[in-house]
Amino acid sequence: MLNNGLYMQVFLWMTLVVCGMVQYFTGIGAILWLPFLLAIVMLLLMLLQTRYSPFFLDHQERIIMVIFIALFVMSTLSTLLQSGLVVTIVGLKNELAIGLVLFCLLLGFCRESQIYRLTQSLYWIFYAQFPVMLYQLLVVVPQRVAIKGEFEMWDSVVGTFGGDPMGGGNTAALGLFCLLIMLLKVSEYKHGVASKFSTALHVTAAFALCVLGEVKFVILIAPMLLAFVWFVPSFMRGMKRYNAQMVLMMLGGIIALLFVAIMLLAASYESALDADASKGSLTIFLDSLEYIFDPNYIMDNGELGRMTTIFFWLNNSDLYGIPNLLFGYGLNTTNHGSAVAPGFLNEVFNVLLDSTSLSMMLWEIGLIGTCLYLLLIGLVIWVSIPKPVLDAQQLDWADKRLVAYQPAYLAFGLAGLMSIPYSQVLMLVPMMQFMFFFSLGAALVIRKSALAAREFSYE
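Remember, it's a predicted structure, so these values are computed and weren't measured experimentally. (Residues numbered from 1 in each chain as written. Predicted model: local features only at pLDDT ≥ 70, side-chain atom pairs only at ≥ 80, totals over all residues. Heavy atoms only, no water.)

Chemist: Go over the overall build of the chain, please, and point to the residues and values.
Modeler: Regarding its fold elements, the chain presents 19 helices and 2 strands. Counting over 459 residues, the chain shows a buried share of 55%. In the chain, of all internal contacts separated by at least 6 residues, the share reaching a separation of at least 24 is 75%. Accessible area of the chain: about 19,700 Å², with a carbon and sulfur share of 68%. (Helix = DSSP H or I, 4+ residues; strand = E, 2+ residues; numbered from the N terminus. Buried < 20%, exposed > 50% of the residue type's maximum accessible area, 1.4 Å probe, protein only. Contact = heavy atoms within 4.5 Å. Areas by Shrake-Rupley, 256 points an atom, 1.4 Å probe, with all protein chains shown as cover.)

Chemist: Can you explain the pattern of salt bridges? Please cite residues and give values.
Modeler: A side chain of one charge can pair with a side chain of the opposite charge if their charged atoms are brought near each other. Enumeration over the complete set of coordinates arrives at 7 salt bridges. Note that Arg-447 is salt-bridged to Glu-61, the shortest N-O span being 3.3 Å. Placement of Arg-447 in helix H19 (residues 430-458) and of Glu-61 in helix H3 (residues 59-83) is noted, with a sequence separation of 386 residues between them. As a salt-bridge pair, Arg-401 and Glu-188 come within 3.3 Å of each other at their nearest N and O atoms. Placement of the pair is Arg-401 in helix H17 (residues 397-419) and Glu-188 in helix H7 (residues 171-190), with a sequence separation of 213 residues. The pair formed by Arg-401 and Glu-188 is uniform in burial state, with each residue classed as buried. (Salt bridge = Lys/Arg side-chain N within 4 Å of Asp/Glu carboxyl O.)

Chemist: Could you give me a rundown of H3, with the residues and numbers involved?
Modeler: Counting along an α-helix, one turn takes 3.6 residues, and residues three or four places apart therefore face a common direction. In this model, H3 (25 residues) spans 36 Å end to end at C-alpha, consistent with the 36 Å of a helix rising 1.5 Å per residue. By the burial criterion, the buried members of H3 are Glu-61, Ile-64, Ile-67, Phe-68, Leu-71, Phe-72, Met-74, Ser-75, Thr-76, Ser-78 and Thr-79. For H3, the N-terminal cap is Asp-58; the gap from its side-chain oxygen to the backbone nitrogen of Gln-60 is 3.2 Å. Looking one or two residues beyond H3, the residue adopting positive phi is Gly-84, at roughly 95°. (Expected span 1.5 Å × (residues − 1). Polar contact = N/O pair within 3.5 Å; in protein donor to acceptor, adjacent residues only side chain to side chain.)

Chemist: Would you mind going over empty space enclosed by the protein in detail, with residue names and values included?
Modeler: A complete count under the given rule lists 1 cavity of 30 Å³ or more for this structure. Put simply, the largest cavity is a space of about 50 Å³. In terms of lining residues, the largest cavity is bounded by Phe-68, Leu-71, Phe-72, Leu-96, Gly-99, Tyr-373, Leu-376 and Phe-437. Those elements that provide at least two residues to the lining of the largest cavity are H3 and helix H16 (366-384). For the lining of the largest cavity, the class distribution of residues is 7 nonpolar, 1 polar and no charged. (1 Å grid on protein atoms, 1.4 Å probe; cavity = no way out; pocket = protein on both sides within 12 Å on 5 of 7 lines; lining within 4 Å. Points joined across faces, edges and corners; volume = space filled by probe spheres on them. Nonpolar A, V, L, I, M, F, W, Y, C, P; charged D, E, K, R; others polar.)

Quick look at the structure:
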């Protein structure tokens, strides 16, 4: 009998390490079909699973399941009816199928002990980033700078998360992975299962990788999400209330890291863009963000700016009528990078519409599909917020670490939501999709385990 935990370990390492390394060093983009195939096999294994103990879904979990099925069926049928079978398969592969990880975890594919071991594997993957990024920094970056100039220097430092070393890698996925490590370690420290030194070392190292990858989005949202992890409730009763001195120390450390990151990024922009040195570091950094909020920004290659995508959809979404506004034009119809089935909407409007996940959702699954997607994620986060139901004295070291992961996974779910109007990473990068849906699914598994332990203690 196949061990589901072992299968998830293979899924984890293949998606976060093997696929990206093969794509980066060989240029074989077809390797990104592997996470899609693993997700489909995971669903088949779920259907074949033999249960040796009773399993049930509570009322909230059933609502989550119904919303997920509605989103999946609506998106698939809409694409199939409008674009045919090939585009439907490609669209599922690129944008939606890895969400099956959340669905299978909701239905009990893994136990909490397997989630614990998978989370430990995330730390080992984090450690693996350092030798890979060192090679990229010392070997690949000089080659790219020689070809494209100094302004392009950072986009090749992507760790194991793949991409084209000469054309742009998945730095956003790398940065968000580093954010997940920061969240996990800070939550462990809060629950008393990580030392100050280990926490500071992990957070500082993760921030350094974000700076090397020039992931501004993560640098800006990290303080907010670290604060969320610190102040959100725990499943453990009697968590000590932290005094003002502790809170100030934590905020001071976060602000200090943010300040250093901004200074380093500003220095790189000043060198690469020949910026005015008389401007302060903060001014140079903020100037680099101006294009994000410009409602009329269009790049030379036709890609719309982040804010521009919203206004463009508002003005043109009813191109073929109200039904398409509500249900979309089908999966993959905005994806200009697809070799098998490039999105036709880019050709209709002569611009690139897939610069953000929100733009892709609105065009491809429509207003109703986008609302279902956001409702699904929001509901998972809401119902999984911990409540103090367990006594710390009854938990061993591993149990405490497991419940410590809950706030971190929820915060990472919020990070994924925040990325939707900013980046395309949640709709096009399988590494990020896996991390996102695994985090949400893991939160549901830990929640069920904590509630079951509470009921057992009352018997």
